[in-house]
Amino acid sequence: MRTSMLRSIKSLTTSPSAHILRRGYSSEAVPLRKVTVLGAAGGIGQPLSLLMKLNPLVSNLALYDIANTPGVAADISHINTRSEVVGYASDAELGKALEGADVVIIPAGVPRKPGMTRDDLFNINAGIVKGLCEAIAKYCPKALVNMISNPVNSTVPIAAEIFKKAGTYDPKRLFGVTTLDVVRAKTFYAGKAMVPVAEVNVPVVGGHAGITILPLFSQATPKANLSDEELTALTKRTQDGGTEVVEAKAGKGSATLSMAYAGAIFADACLKGLNGVPDVIECSFVQSTVTELPFFASKVRLGKNGVEEVLGLGPLSDYEKEGLEKLKPELLSSIEKGIKFATQ
Ligand SMILES: NC(=O)C1=CN([C@@H]2O[C@H](COP(=O)(O)OP(=O)(O)OC[C@H]3O[C@@H](n4cnc5c(N)ncnc54)[C@H](O)[C@@H]3O)[C@@H](O)[C@H]2O)C=CC1
Ligand SMILES: O=C([O-])CC(=O)C(=O)O
């Protein structure tokens, strides 16, 4: 099956659209890659699954949810791109959805309503993530796991503990998806600095909730002469970006479309890393020694085994140094809450 698929991909790469599939690769064939989305019928899951269907690096797309998967899978499967799409609709099918997965993306769980913090989602989402990670440990222990479900600051430590218990934990393969913070920081910076948004780079470090989100605008490129007040406002807007959307949606959930975009960028980076594309760097919340905290978001170099290198913070402004010290107690307490939940 894999050989015949590989052959058909080879014939695709000799077609007029071959340049799209070959971009960034020295070898003739694009490797077969299975991506599984858990929570695929949700607000994030649907547009994220669509974007993964458009990604030429994906050969098999497995869509799993506890509700409404058949319709979403049937709909997406009609799109004339490379990947085969299969929907999985019940707990009994979770194993099949996960078997052979190279990348598992998890946007399963409840979103916030106005007035809630991400931590208010802990009681429901911790249990959902625990169950899904137990299945990952059983059916695809080598997959790269992209954790979107909130609170990311706790769900990633939960996943790590579940994998440790199962004897499958590899810190190189577990990622908290913080790409939306980077996406927001880039957009807001471009608007304020009046520079082309497509050229902007801004690292965002720390975690994924309130003040634990620390954009490093002192390292933003292209450089701009923004005042301290402007930088403070940009930082606050990035930290409150999720809440801005929750309030605008007024009870109908949180960011879904921008999150799907961000999730697709991060999964694409993981696939490129797996495929041996050099110098793939994204920010992510991973096991880390960059600070004294066991998990921390910073720039990460992705490779054939997942995390190839966790990059340091680089030079920080005094304002950023202060922000870093302020975020540590909250981030540590969220990490410890996740570890406690999974180990007791
Ligand atoms: N990391 C980030 O930057 C962001 C994270 N999020 C988080 O993503 C999560 C999902 O958000 P939405 O898609 O808006 O929620 P949603 O409620 O629209 O969709 C969640 C989906 O998960 C499914 N689900 C629930 N339990 C499941 C299980 N055990 N197995 C498989 N699927 C299951 C539901 O059936 C539903 O289709 C929330 O926790 C939200 O806070 C949201 C935005 C950004
Ligand atoms: O704010 C939320 O609840 C969802 C989220 O994580 C984000 O949009 O960054």
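Residues numbered from 1 in each chain as written. Chains lettered and ligands numbered in written order. Predicted model: local features only at pLDDT ≥ 70, side-chain atom pairs only at ≥ 80, totals over all residues. Heavy atoms only, no water.

The name given to the protein chain in an unreviewed UniProt entry is Malate dehydrogenase, with Salix koriyanagi as the source organism. Recorded in UniProt under Subunit (unreviewed entry), the annotation for the protein chain is "Homodimer." For the record of the protein chain, the UniProt heading Catalytic activity (unreviewed entry) holds the text "(S)-malate + NAD(+) = oxaloacetate + NADH + H(+)". (UniProt positions renumbered as here; feature names shortened; annotations may be inferred.)

Here we look at the UniProt feature "active site" (unreviewed entry) in the protein chain
Those residues carrying the UniProt feature "active site" (unreviewed entry) are His208 in this numbering. Tracing the backbone through its elements, the reader meets histidine 208 in the loop between β7 (204-206) and β8 (213-215). Assessed through its relative accessible area of 8%, histidine 208 is described here as buried. The contacts of histidine 208, once residues within four sequence positions are left out, are Arg118, Asn150, Val152, Asn153, Thr178, Asp181 and Ile213. Within the local environment of histidine 208, its side chain forms a polar contact with the side chain of arginine 118, the two groups lying 3.4 Å apart. (Helix = DSSP H or I, 4+ residues; strand = E, 2+ residues; numbered from the N terminus. Buried < 20%, exposed > 50% of the residue type's maximum accessible area, 1.4 Å probe, protein only. Contact = heavy atoms within 4.5 Å. Polar contact = N/O pair within 3.5 Å; in protein donor to acceptor, adjacent residues only side chain to side chain.)

Section: the pairing of strand β1 (residues 34-38)
The buried fraction of β1 amounts to five of the five residues, a majority that puts the element mostly inside the structure. Neither face of β1 is open: one carries Lys34, Thr36 and Leu38, the other Val35 and Val37, and all of them are buried. Direction of pairing for β1 relative to strand β2 (residues 60-64): parallel, over a ladder of five bridges. The residue bridging valine 37 from the neighbouring strand is leucine 63, located in β2. Since β1 and β2 lie parallel, the crossover through helix α3 (residues 45-53) that links them has a hand, and here it is right-handed. Taken together, the three bridges between β1 and strand β4 (residues 103-106) define a ladder with parallel strand orientation. By the bridge assignment, valine 35 is partnered in β4 with valine 103. (Pairing = 2+ DSSP bridges. Right-handed = clockwise from strand over helix to strand, strands pointing away.)

Observations concerning a nonpolar patch on the surface
Taken together, the side chains of Val110, Ile124 and Ile128 present a nonpolar region at the surface, about 210 Å² in accessible area. Along the chain, valine 110 falls in the loop between β4 and α6 (122-139). (Patch = residues over 30% accessible without salt bridge, like charges linked within 9 Å, V, L, I, M, F, W, Y side chains within 5 Å. Areas by Shrake-Rupley, 256 points an atom, 1.4 Å probe, with all protein chains shown as cover. Salt bridge = Lys/Arg side-chain N within 4 Å of Asp/Glu carboxyl O.)

Here's the deal with the packing of aromatic side chains
All chains considered together, the criterion is met by four aromatic pairs. Measuring from centroid to centroid gives 5.4 Å for phenylalanine 175 and phenylalanine 266, while their planes differ by 65°, and the two rings are edge-to-face. Here the residue phenylalanine 175 occupies a position in strand β6 (residues 174-176), and phenylalanine 266 occupies one in helix α11 (residues 257-274), the gap between them amounting to 91 residues. Judged by its relative accessible area of 0%, phenylalanine 175 is buried. (Phe/Tyr/Trp six-rings, centres within 6.5 Å; stacked < 30°, edge-to-face > 60°.)

Details of the site of ligand 1
The full set close to ligand 1 counts 28 residues, and Gly43, Ile44, Asp65, Val110 and Asn150 are the nearest of them. At a separation of 3.3 Å, an oxygen atom of ligand 1 approaches a polar backbone atom of glycine 109. The backbone of valine 110 places a nitrogen or oxygen atom 2.9 Å from an oxygen atom of ligand 1. With the chains in place, 85% of the 860 Å² that ligand 1 exposes on its own is no longer accessible. If you map ligand 1 onto the pockets, it falls in the largest pocket. (Near = heavy atom within 4 Å. 1 Å grid on protein atoms, 1.4 Å probe; cavity = no way out; pocket = protein on both sides within 12 Å on 5 of 7 lines; lining within 4 Å. Sits in = over half its atoms within 2 Å of the grid points.)

Some thoughts on the layout of surface pockets
By volume, the largest pocket is sized at about 690 Å³. Forming the walls of the largest pocket are 38 residues, and the residues nearest its centre are Pro107, Ala108, Gly109, Val110 and Pro111. Broken down by secondary-structure element, the contributors of at least two residues to the lining of the largest pocket are α6, α8 (179-193) and α10 (241-249). When its residues are assigned to classes, the lining of the largest pocket shows 20 nonpolar, 13 polar and five charged. Composition of the lining of the largest pocket by domain shows at least three residues from each of domain 1 (2-176) and domain 2 (179-343). (Points joined across faces, edges and corners; volume = space filled by probe spheres on them. Nonpolar A, V, L, I, M, F, W, Y, C, P; charged D, E, K, R; others polar. Domains from an automatic or database assignment.)

Considerations on the site of ligand 2
For ligand 2, the full set of nearby residues is Arg112, Arg118, Asn150, Leu180, Arg184, His208, Gly242, Ser254 and Ala255. The contact in question runs from an oxygen atom of ligand 2 to an N or O atom on the side chain of histidine 208, over 2.6 Å. Here ligand 2 loses 95% of its free accessible area of 260 Å² to cover by the protein chains. If you map ligand 2 onto the pockets, it falls in the largest pocket. Of the residues belonging to the shell around ligand 2, the class tally is two nonpolar, four polar and three charged. Residue assignment places the shell around ligand 2 across two domains, with domain 1 (2-176) and domain 2 (179-343) each supplying three or more.

Points about the pattern of salt bridges
Should the charged atoms of two oppositely charged side chains come close, the side chains can pair. One pass over the structure, following the stated rule, counts 14 salt bridges. Where lysine 164 meets glutamate 161, a salt bridge forms, and the shortest distance between an N and an O atom there is 3.1 Å. Here glutamate 161 and lysine 164 lie together in helix α7 (residues 152-166), a separation of three residues that amounts to about one turn. Lysine 328 is the salt-bridge partner of glutamate 325, the closest N and O atoms lying 3.0 Å from each other. With glutamate 325 and lysine 328 both in helix α12 (residues 318-343), this residue pair falls three residues apart, about one helical turn. Using a relative accessible area of 47% as the deciding quantity, one classes glutamate 325 as partly exposed. Among the charged side chains, a salt-bridge network with shared partners connects Asp279, Arg301 and Glu309.

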